[in-house]
Amino acid sequence: MKKVLKSLLAVAVLLCILFPGSSPGFAAENKKQSTTVQVKAMTFNIRNSNNNDSSPHTWKERIPAIRRLINKKNPDIIGTQEVLPSQLKDLKTHLPHYKWIGGNRGVYSAISYKENEYRVLEYDYFWLSDKPGVKGSKTWGNQVPRMVTWAKFLDKQSNKQFYFVNTHFDHQSAQARQKSAEFILKVTKKKFDPRLPVILTGDFNAKPGSLPHTILTSHGAFNDLWETAEKRRNEKLGTFNGFDDPTGGGPDKRIDWILGKGNLAANEIEIVNVRRNGQFPSDHFPVAANISLIYNK
């Protein structure tokens, strides 16, 4: 037995001499190796087209500004809110390198993505109500139907998968916002593969520290990537500018969020306060984040 142990020890010593980088912990280190996938996500309330917005903030005038903003920031995937069917048609025309998926009733919570870089493995949408499968349903005190669109993406280069969820909470009913936050947690926990990262974007119509924010970010559910990012740009701004406030209402009006769940980290996040000659692309500033998705081998 002693001879066997001595022989094994000799082999181990010889391996260390021949391969200096090897050690008893070498196999364990290999197991800890990981793959990182970079995704640039954006949340953007486009502002629905209507007859109340005067020049230079009519939809026709804003389309070029939105196109310039998106092309400049070059996000991989965008969660949009308040997009009407006619606006979606215009966006498809002006941003042909993006493909769109979303709901089919009222204002869409649509997701756009670079088709050359990502493939949708599955997607669905549901309404934020007690009848989530009923189109346009609303049962929580909100007058406007609110919905969620989600997709399971494949990054073509790395062959890694992740989820992207996009929503728009109600602007009037506190009960609807609370129940919406609770329901999104329930759905993502029940339907999604827990091993995969989840990115959640939206106009939540609630400030940091509010009840919906607390529900979504408590007990290891989601992280607010604005709070955890290594670098933040435009920290003193909010995201609701109303077409006339360059400050976006200040930090208490940061109502558009990018949240993350699972193995991911935000390297940089920015409130994009682009405007030109008094024109805002929307009454909301978009938020963009460079996100690292981490996959352990």
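The rules we used
Residues numbered from 1 in each chain as written. Predicted model: local features only at pLDDT ≥ 70, side-chain atom pairs only at ≥ 80, totals over all residues. Heavy atoms only, no water. Core = buried A, V, L, I, M, F, W, Y, C linked by side-chain atoms within 4.5 Å. Buried < 20%, exposed > 50% of the residue type's maximum accessible area, 1.4 Å probe, protein only. Contact = heavy atoms within 4.5 Å. Phe/Tyr/Trp six-rings, centres within 6.5 Å; stacked < 30°, edge-to-face > 60°. Helix = DSSP H or I, 4+ residues; strand = E, 2+ residues; numbered from the N terminus. Arc of directions from axis to C-beta. Pairing = 2+ DSSP bridges. Axes fitted to C-alpha atoms, helices over the stretch in contact; angles between N-to-C directions. Expected span 1.5 Å × (residues − 1). Salt bridge = Lys/Arg side-chain N within 4 Å of Asp/Glu carboxyl O. pLDDT = per-residue confidence, 0-100.

Colleague: Would you take a moment to explain the nonpolar core for this structure?
Modeller: The tendency in soluble globular proteins is for nonpolar side chains to be buried as a group. Ile77, Phe153, Ile199, Leu216, Ile291 and Leu293 are the most contacted members of the largest nonpolar core, which has 55 residues in total. When sequence neighbours within four positions are dropped, the list of residues in contact with Ile77 reads Val39, Lys40, Ala41, Met42, Ile111, Ser112, Tyr113, Tyr118, Phe153, Phe162 and Phe164. Core analysis: the second largest hydrophobic core is formed by 19 residues, Phe44, Ile78, Trp100 and Ala288 among them.

Colleague: Help me understand the packing of aromatic side chains, please; the structure alone is not making it clear to me.
Modeller: Within a pair of aromatic rings, the relevant descriptors are the distance that separates the centres and the angle that separates the planes. Counted under the stated rule, the structure contains 14 aromatic pairs. Centre to centre, the rings of Tyr113 and Phe153 are 5.1 Å apart; their planes meet at 65 degrees, and the pair counts as edge-to-face. With Tyr113 in strand β4 (residues 111-114) and Phe153 in strand β6 (residues 147-155), this pair connects stretches of sequence that are 40 residues apart. A relative accessible area of 5% places Tyr113 in the buried class. Residues Tyr163 and Phe192 carry aromatic rings whose centres are separated by 4.0 Å and whose planes lie at 5 degrees to one another, so their mutual orientation is stacked. Of this pair, Tyr163 sits in strand β7 (residues 160-168) while Phe192 sits in the loop between α5 (174-191) and β8 (198-203), and the two are 29 residues apart along the sequence. Side by side, Tyr163 and Phe192 carry an identical accessibility label, which is buried.

Colleague: Teacher, can you tell me more about the environment of Gly248 here?
Modeller: Within the element layout of this structure, Gly248 appears in the loop between β10 (231-233) and β11 (256-261). On the basis of relative accessibility, which here comes to 0%, the residue Gly248 falls in the buried class. In this structure, Gly248 is in contact with Gly238, Thr239, Phe240, Asn241, Lys253 and Phe285, ignoring residues within four places of it in sequence.

Colleague: Just to check I follow, could you spell out helix α4 (residues 85-94) for this structure?
Modeller: An α-helical turn contains 3.6 residues, so any two residues separated by three or four positions project in the same direction. Listed in full, the buried residues belonging to α4 are Gln87, Leu88 and Leu91. Down the axis of α4, the smallest arc covering the buried residues is 100 degrees, so these residues share one side. Exposed side of α4, more than 90 degrees from the buried face: Lys89 and Thr93 are the residues found there. The inward-facing, buried residues of α4 contact α3 (59-73) and β3 (98-101).

Colleague: Mind showing me how you'd approach the sheet that holds strand β1 (residues 34-45) here?
Modeller: In any sheet, the strands associate via hydrogen bonds between backbone groups, in a parallel or an antiparallel arrangement. Spatially, seven strands are ordered β3-β4-β2-β1-β13-β12-β10 in an open sheet, and the strand pairing comes out mixed. The two strands at the open ends of the sheet, each matched to only one other strand, are β3 and β10. This sheet shows a mean twist of 20 degrees between the axes of neighbouring strands, independent of strand direction. Packed on one face of the sheet, α3 meets β1, β2 (77-81), β3 and β12 (264-271) and runs near 165 degrees to β1.

Colleague: How should α5 be read in this particular structure?
Modeller: Across its 18 residues, α5 extends 26 Å between first and last C-alpha, which sits within 8% of the 26 Å expected from 1.5 Å per residue. By the burial criterion, the buried members of α5 are Ala176, Arg177, Ser180, Ala181, Phe183, Ile184, Val187 and Thr188. Elements that come into contact with the buried residues of α5 comprise β5 (118-127), β6, β7, β8, α6 (211-217) and β11.

Colleague: Looking at this structure, I do not really get the sheet that holds β8. What am I missing?
Modeller: Strand order in this open sheet of six strands is β5-β6-β7-β8-β11-β9, and the pairing throughout is mixed. The outermost strands of the open sheet, each flanked by one partner alone, are β5 and β9 (223-224). Here β7 runs beside β8; their pairing, made up of six bridges, is parallel. The residue bridging His168 from the neighbouring strand is Asp203, located in β8.

Colleague: Where do I start with the pattern of salt bridges in this structure?
Modeller: Where charged atoms of side chains with opposite charge meet at close range, the side chains can pair. For the coordinates displayed, the defined rule picks out 11 salt bridges. A salt bridge links Asp283 to Arg47, with the shortest nitrogen-to-oxygen separation between them at 3.9 Å. Within this pair, whereas Asp283 is found in the loop between β12 and β13 (287-296), its partner Arg47 is found in the loop between β1 and α3, the two being separated by 236 residues in sequence. The exposure class assigned to Asp283 is buried, which follows from its relative accessible area of 6%. Where Lys114 meets Asp76, a salt bridge forms, and the shortest distance between an N and an O atom there is 3.6 Å. Highlighted residues: Lys114 in strand β4 and Asp76 in the loop between α3 and β2, separated in sequence by 38 residues. With a relative accessible area of 8%, Lys114 lands in the buried category. Connected via shared salt-bridge partners are Arg47, Asp53 and Asp283.

Colleague: Where do I start with the pairing of β12 in this structure?
Modeller: Bridge count between β10 and β12: three bridges; the pairing is parallel. Pairing of Lys231 across the sheet is with Glu268, part of β12. In the sheet, β12 pairs with β13 via seven bridges, with the strands oriented antiparallel. If you follow Ala266 over to β13, its bridge partner there is Ile291.

Colleague: How do you make sense of the confidence of the model for the protein chain when you look at a structure like this?
Modeller: Detailed reading of the predicted model is not advised wherever pLDDT is low. Per-residue confidence for the protein chain gives a mean pLDDT of 89, with 88% of residues at or over 70. Low confidence marks residues 1-31, where pLDDT is under 50. Its contacts with residues over four positions away, or in another chain, come to four contacts.

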